[in-house]
Amino acid sequence: MNAPPPAAGAPLFDADRVNALLDAHGVNAATCRHLHQQFTDQLRAYYDRHPAGAPIVQARTAFVDVLLQRIWAARVADLPQAHTLALVAVGGYGRGELHACSDVDILILAPRADHITRVSDELARLVTLLYDTGLDVGASVRSLRQCVDEGRRDVTIATALMEARYLAGNAALFEQLARRTGPGQIWPTRKFFAAKLAEQQARYNKFDATAYKLEPNVKESPGGLRDIHTIGWVAKRHFGARTLHELVDHGFLEPDEYQQLVDGQEFLTQVRNGLHLLAGRKHDHLLFDQQRELARRFGYEDSDESLAVEQFMKRYYGTVKGLSRLNEMLLAHFEEEILLARRSDRAVPLNSRFQIRKDFIEVRDERVFRRYPFALLEIFLLLQQHRHHVRGVRAGTVRLIRKHLHLIDDAFRADIRSASLFMEIIRQPHGIGHELQRMHRYGVLARYIPAFGRVVGQMQHDLFHVYTVDEHSLFVLRNTRSYAFPDEQIPALELGYQVFPNIPKPELLYLAALFHDIAKGRGGDHSDLGSHEAYAFCRLHRLSELDSRLVTWLVRQHLLMSKVSQRQDIGDPEVIRSFAATVGDQVHLDYLYLLTVADMRGTGPTVWNSWKGSLLSALYLATRRALRRGLGSPIDAREQALDVRHRAAELLPGEPVDAGQCRQFWDRLDDDYFLRFTAEEIAWHAKHILRARGDHPTVVATRDFPDRGSTGVMVYTRDRKYLFAAITSTLDRLALDIVDARIYTSRDGYALDTFLVSDLSGEPISDPTRRRDIRAALRDVLVGDTLPLLPPGRRISRQQKAFRVATEVSFATDLGRDRTVVELITKDRPGLLSQVAQAFAECELVLQNARVNTYGERAEDAFFVTDTAGRAVTDAARLDQLREQLARRLDDQAA
């Protein structure tokens, strides 16, 4: 069939045209499939010109209605039992919401099971034909009794039947179905609402109770389309409402709230249609590459401050946050109306402005906020103070808060009552994080701190920052609160539990957590810009100059400790002395350590690990010792090396190691070795190396480092060109992630390299067989004179493929050690370290140490190198050669 496509400017769906084509070519699989494909192409062309929501949904629903009704008339209507059967649309199709590629759920309804048996073969052929049309059909064939029984057992089936819509066949039977599955027959309103509430909570838990995922599900995530469906289902069950607008008539929705629901649903429908048409199938996850494409389709463009995709996603997150707030308020309203209706209506006064009714706080007068604007903050303090007696805020009071947000202006912020209430909230012993999150949900926090309002929904288009800036900041604040509850025994906070009691004013830490990222998305240094916001806020809230400067310093320096611990050699006394000089005193060190751990733990589930925790702890403890010793009396490197050697010797008496041999071996190594490794590691090295046989031994050993959350791999062998590249490529082929690498070469030409590795899920290698395989694989590679350089054994992930990261190389001189620091930013990928090592070898550079850091799709590594004479590389031409070598290898490989 070669029917012409509809003319440009024609309506999206023309029923007469479709019927005419079916009349001309017959109702068969080929004709229906062609019409379906042509209609989908038409939707795609329309969307390319104008991203649409409801018009596409309505047109597709109407198209499928006509197609199914014609197929039913052609294939079923003439059967002997046809007059007893009904064709029914259920689920989203029954609701009239077929997105661009949504599945089509139908029910073939019979009065009794024996009617189905008589025409089972014909119905099977009908369902096959429906599949052959190209529609993604979900078909069920059931009797009226079966529908009622299954609906009674499963609220999901009951919900689908509640949205049933008649298409063809026995209309009277369809009406029976509607009556027998109504609230008077199965799932009365109270039971239905409780089930839907539990269903939504389970769905929220699946998405970590946040709408702010990097790749959200437009339908199922909190604030997504399913939240709107839930409101509609409860309204229909309770009121018999067929549209959301009827909730306005019942007093459950204000007109502006209804408009917000409609606008939010239209935007999400536009996005979901776009996802379907881009994928060519039902697809509801807003993936990175699709975010960028939809941002372009919606007309967003990159600016100096933000990418087009970040602007688009900010609109998305703002929309779902608003819908989530409405969902929460309306379900609370339904709960009061449905579940709490039988409870005593007696009110318990809290003060002249608020009271408790049915375990929820409410205003005593609807004019409270207009008369006493500061009560917009007071209510959250009361929730903290009465947390054992109050479950939440009455829906009517939530609505009043939203209506009076405009009262939070400059005069409100300057009012000493407002400032005092906010500081009292943040100084409470309990409920700080919980109530600030509630303030955020109700829109109060963004109004009270305008700078915070500017980062609501602000995302960074990368794999490292899992949450938007506002959600991340509140996560960090809750993490800082965790230090106050040592009974929770969170392993990552063991040192934090000890440090927290030493800080004089915890509220300063909480303010730093709230403000540390508040200037993101403006361009410029967000730490510096944010520090000015923090200082102004602190002074407005009557904090002393000393306290204000401390919060300001923490915001400005909040990245310092993580950078030093992960990108510098913290075994170097000069690094510790420099960091201690920046920190200045123990108080600043304590606050900064607690903020840094909380920040890293709040960035994303893969950012924090035991290894990074151990680096921060080591830096904290070393700096504390330096501060106690005095900045004017820094520890001598030689003195520190001798101390480490002495402590390592104390660990060896229980090992089968000759003390004299050990001294001779250690004498071949310089102070740098004892500064680079811990006493425990040095004793481990000696135990295995001194037991080795032969004149030129190759030793490979493994062990657990529980405090670092990783497995140690030690290699001792003759140093030679491409050695580090061969080792790292082998570890990569074994599906291991290298989290740290320390390279040492002895005076007599032996490499003693130690790696910390984990499996691809970030866990240590606990299986003894796998550890044995690692040792065997490395020995096989190292025994020959020629070192094999193995290609990567893993593919780059889908998410990583979505990003491009240009390679950046910079150089600095590590004056304390006479070596060059090569700082590399590039796209993370399998085999990266091997490629870098090959570039160093080609340029005749000796790698001494590596600090390996991955931030989502970005690798930000630091390598410490010297020339073959053991000196820093200062020749500009040679450094340019290295830069070109790295860029060529890494950019070509990433392309």
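Residues numbered from 1 in each chain as written. Predicted model: local features only at pLDDT ≥ 70, side-chain atom pairs only at ≥ 80, totals over all residues. Heavy atoms only, no water.

Caption draft 1: How the structure looks around the pattern of salt bridges. Evaluation of the coordinates by the stated rule reveals 59 salt bridges. For the salt bridge of Arg-819 with Asp-569, the shortest nitrogen-to-oxygen distance reads 2.9 Å. In this pair, Arg-819 sits in strand S14 (residues 819-827) while Asp-569 sits in the loop between helix H29 (560-567) and helix H30 (573-583), placing the two residues 250 residues apart along the sequence. The burial state of Arg-819 is the same as that of Asp-569; both residues are buried. (Salt bridge = Lys/Arg side-chain N within 4 Å of Asp/Glu carboxyl O. Helix = DSSP H or I, 4+ residues; strand = E, 2+ residues; numbered from the N terminus. Buried < 20%, exposed > 50% of the residue type's maximum accessible area, 1.4 Å probe, protein only.)

Caption draft 2: Inspection of the pairing of S14 at higher detail. With eight of its nine residues buried, S14 lies for the most part within the structure. Sheet topology note: the strand S13 (residues 808-814)/S14 ladder contains seven bridges and is antiparallel. Directly across from Ser-810, in S14, lies its bridge partner Glu-823. Sheet analysis places S14 next to strand S17 (residues 858-866), joined by eight bridges and oriented antiparallel. The residue of S17 that forms the bridge with Thr-826 is Ala-859. (Pairing = 2+ DSSP bridges.)

Caption draft 3: Highlighting the sheet that holds strand S1 (residues 86-89). Read across the open sheet, the four strands follow the order S3-S2-S1-S4; overall the sheet is mixed. Each edge of the sheet is formed by a strand with only one pairing partner; in this case those strands are strand S3 (137-143) and strand S4 (165-169). In this sheet, neighbouring strand axes are inclined to one another by 25 degrees on average, regardless of whether the strands run parallel or antiparallel. Direction of pairing for S1 relative to strand S2 (residues 104-110): antiparallel, over a ladder of four bridges. From the neighbouring strand, Leu-87 faces S2, where its bridge partner is Ile-108. In the packing of helix H3 (residues 54-75) onto the sheet, contacts are made with S1, S2 and S4, and the angle to S4 comes to roughly 25 degrees. Along the sheet, helix H9 (residues 171-180) makes contact with S1, S2 and S4, crossing S2 at roughly 105 degrees. (Axes fitted to C-alpha atoms, helices over the stretch in contact; angles between N-to-C directions. Contact = heavy atoms within 4.5 Å.)

Caption draft 4: Structural detail: helix H17 (residues 375-385). Taken across its eleven residues, H17 has ten buried, putting it largely inside the fold. All of the buried residues in H17 are Ala-375, Leu-376, Leu-377, Glu-378, Ile-379, Phe-380, Leu-381, Leu-382, Leu-383 and Gln-384.

Caption draft 5: View of unusual backbone geometry. Although it is not a glycine, Asp-359 adopts a positive phi angle of roughly 70 degrees. For Asp-359, the location among the structural elements is in the loop between strand S6 (354-357) and strand S7 (360-363). You can call Asp-359 partly exposed: its relative accessible area is 31%. For Ala-735, which is not a glycine, the phi torsion comes out positive at approximately 60 degrees. Position of Ala-735 among the secondary structure elements: in the loop between helix H37 (723-733) and strand S11 (737-742).

Caption draft 6: Molecular detail of H9. Taken as a whole, H9 has its buried residues at Leu-173, Phe-174 and Leu-177. The buried side chains of H9 occupy one side of the element, clustering within an arc of 105 degrees when seen end-on. For H9, the N-terminal capping position is held by Asn-170, with its side-chain oxygen 3.2 Å away from the main-chain nitrogen of Ala-172. (Arc of directions from axis to C-beta. Polar contact = N/O pair within 3.5 Å; in protein donor to acceptor, adjacent residues only side chain to side chain.)

Caption draft 7: Representation of the confidence of the model for the protein chain. Looking at the protein chain as a whole, its pLDDT mean stands at 90, while 96% of the residues score no less than 70. Overall, residues 1-8 carries pLDDT values under 50, and its contacts beyond four positions in sequence, including any with other chains, amount to 13 contacts. (pLDDT = per-residue confidence, 0-100.)

Caption draft 8: Quick look at the nonpolar core. If you look at the biggest cluster of nonpolar residues, it comprises 212 residues, and the most contacted ones within it are Leu-68, Phe-334, Phe-422, Ile-449 and Trp-666. Looking at which element gives the most residues to this core, the answer is helix H15 (residues 308-338), with 15 residues. The residues contacting Phe-422, other than those within four sequence positions of it, are Leu-377, Leu-436, Met-439, Leu-445, Tyr-448, Ile-449, Leu-511, Leu-514, Phe-537 and His-541. Listed in part, the 44 residues of the second largest apolar core include Ile-738, Ala-837, Ala-839 and Cys-843. (Core = buried A, V, L, I, M, F, W, Y, C linked by side-chain atoms within 4.5 Å.)

Caption draft 9: Up close: the packing of H3 against helix H6 (residues 120-132). Where H3 contacts H6, the axes come no closer than 11 Å and their chain directions differ by 145 degrees. In the packing of H3 onto H6, the handedness of the crossing is right-handed. Residues Leu-68, Ile-71, Trp-72 and Arg-75 of H3 pack against Leu-126, Leu-129 and Leu-130 of H6. Here the contact of H3 with H6 is built from residues that sort into six nonpolar, no polar and one charged. (Left-handed = near helix turned anticlockwise from the far one by under 90°. Nonpolar A, V, L, I, M, F, W, Y, C, P; charged D, E, K, R; others polar.)

Caption draft 10: Structural detail: the side chain of Thr-552. Its place among the elements puts Thr-552 in helix H28 (residues 545-556). What makes Thr-552 buried here is its relative accessible area of 8%. Not counting residues up to four positions away in its chain, the partners in contact with Thr-552 are Ser-531, Ala-534 and Tyr-535.

Caption draft 11: A look at the packing of helix H7 (residues 144-153) against helix H8 (residues 155-162). Following both chains from N to C, one finds H7 and H8 inclined at 125 degrees, their axes separated by 5 Å at the closest point. Between H7 and H8, the angle is such that the two are oblique. Note that H7 runs across H8; the crossing there is left-handed. Between H7 and H8, the contacting residues are Cys-147, Glu-150, Gly-151 and Arg-153 on the first element and Val-155, Ile-157, Ala-158 and Leu-161 on the second. In terms of residue class, the contact of H7 with H8 is built from five nonpolar, one polar and two charged. (Parallel < 35°, antiparallel > 145°, perpendicular 65-115°, else oblique.)

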